[in-house]
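Here is what each chain is made of, one letter per residue.
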Amino acid sequence: MRIAVTGAAGGLGGRVVQLLAARHDVDVVAVTRRRLPAEALPSQVEIAVADYADPPALRAVLKGVATLVFVSSDGPDARMLLHHRNVIAAAKDQRVGHVAALSSLDADTASPFCYAVVNGLTEDLLRSSGVPYSFARASLYIEFFQHWLTEARTAGLLRLPAADGRISLVARDDVARALAALALSEPTWRHHDITGPESADMTGIASAVAKTWGAPVAYEDIPPDTYHAETAATGLDPWWVYAFASMFASVREQRWDRVCNDYTRLTGRPPRTLCDTLATQVRETERTNLSTRQ
């Protein structure tokens, strides 16, 4: 079976490529926006260059592909949706037999979160294309959220505009395993919610950080306007200031407060907890520091 994976240079897409390349019955095509060094991926993986904005290149790399693992583009929402439209059109043109697409737990055009709107529209595009599909609707990644957790560890305070919103944070590796499992199966023609094993509010997340990292961390809810002003003052690109603020607006609406066992049904294993993932990162950091000193 020939399986292509978009976003193969990224953390999620690269992990999906590794998981699929470990199988002897799969020919993997790693689709990237730029040429990667040969050693960046397993030697048996074919690397194909195609930008999301280049429809002819997308059609070329999808020729003869049985299944596409469609990892989302990024950046401003209008550009991202155009990229997704291009990928879906190329998959339809090349008669791809199954698209296992990354989406989000909040995939709703009524959401205040810009990327939830994009994911909702992308799902609609894929459904209307006639291409067989399966959606992995992932919760927010632990690794993505770690930016704020690392700051909280240093400051002793997790300051976010999340109110009492709850999130079932999920390990990125679990999302990759779910996508790989979907790619190796027949199209399900539905979505699968990929979440962590528990949902927690920011106070609970701060407590987990304090427990795992051995540093006192408390949660302080701040007004959305304060978050927006303070984040903008750091010099962050205005788009990302808006994107993060809109994400927390969706958190306040409890759009990420869902726990589902779809991941276990797909992979046969339980999802990793926040504490387990943070503890693993601590051990990896300690091993890296030790090897550096030797």
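Criteria and thresholds
- Residues numbered from 1 in each chain as written.
- Predicted model: local features only at pLDDT ≥ 70, side-chain atom pairs only at ≥ 80, totals over all residues.
- Heavy atoms only, no water.
- Helix = DSSP H or I, 4+ residues; strand = E, 2+ residues; numbered from the N terminus.
- Rg over C-alpha atoms; globule rule 2.2 N^0.38 Å.
- Buried < 20%, exposed > 50% of the residue type's maximum accessible area, 1.4 Å probe, protein only.
- Contact = heavy atoms within 4.5 Å.
- Areas by Shrake-Rupley, 256 points an atom, 1.4 Å probe, with all protein chains shown as cover.
- Lys, Arg positive; Asp, Glu negative; His and termini not counted.
- Charge placed at Lys NZ, Arg CZ, Asp CG, Glu CD.
- Phe/Tyr/Trp six-rings, centres within 6.5 Å; stacked < 30°, edge-to-face > 60°.
- Axes fitted to C-alpha atoms, helices over the stretch in contact; angles between N-to-C directions.
- Parallel < 35°, antiparallel > 145°, perpendicular 65-115°, else oblique.
- Nonpolar A, V, L, I, M, F, W, Y, C, P; charged D, E, K, R; others polar.

Draft legend 1. Structural context of the overall build of the protein chain. Per the secondary structure count, the protein chain includes eleven helices and eleven strands. Taken over the C-alpha trace, the protein chain has a radius of gyration of 19 Å; the compact-globule value for 294 residues is 19 Å, and the two agree within 12%. When the backbone C-alpha atoms are referred to their principal axes, the protein chain occupies close to 55 × 50 × 40 Å. Within the span of the protein chain, comprising 294 residues, buried residues form 50% of the whole. Looking at the protein chain alone, contacts between residues at least 24 apart form 76% of all its contacts between residues at least 6 apart. Carbon and sulfur atoms make up 51% of the accessible area of the protein chain, which amounts to about 13,300 Å² in all. A gap of 6 Å separates the mean positions of the 30 positive and 33 negative side-chain charges of the protein chain.

Draft legend 2. Region of the structure containing the packing of aromatic side chains. Applying the stated criterion across every chain yields a total of 15 aromatic pairs. Residues Phe113 and Tyr115 carry aromatic rings whose centres are separated by 5.8 Å and whose planes lie at 70° to one another, so their mutual orientation is edge-to-face. Judged by relative accessible area, which is 7%, Phe113 ranks as buried. Ring centres of Phe144 and Phe244 lie 5.9 Å apart, and the angle between their planes is 55°; on these two criteria the pair is classed as tilted. With a gap of 100 residues between them, Phe144 in helix α5 (residues 142-155) and Phe244 in helix α9 (residues 238-252) connect regions that are remote in the sequence. Using a relative accessible area of 16% as the deciding quantity, one classes Phe244 as buried. Clustering of aromatic rings is evident, with ring pairs tying together Phe113, Tyr115, Phe144, Phe145, Trp148, Tyr227, Trp239, Trp240, Tyr242, Phe244, Phe248 and Trp256.

Draft legend 3. Spotlight on the packing of α5 against α9. Contact pair α5 / α9: the axes reach a minimum separation of 14 Å and the direction vectors enclose 100°. For the element pair α5 / α9, the angle class is roughly perpendicular. The residues of α9 that touch α5, namely those facing Phe144, Phe145 and Trp148, are Phe244, Met247 and Phe248. Among the residues forming the contact of α5 with α9, the class breakdown is six nonpolar, no polar and no charged.

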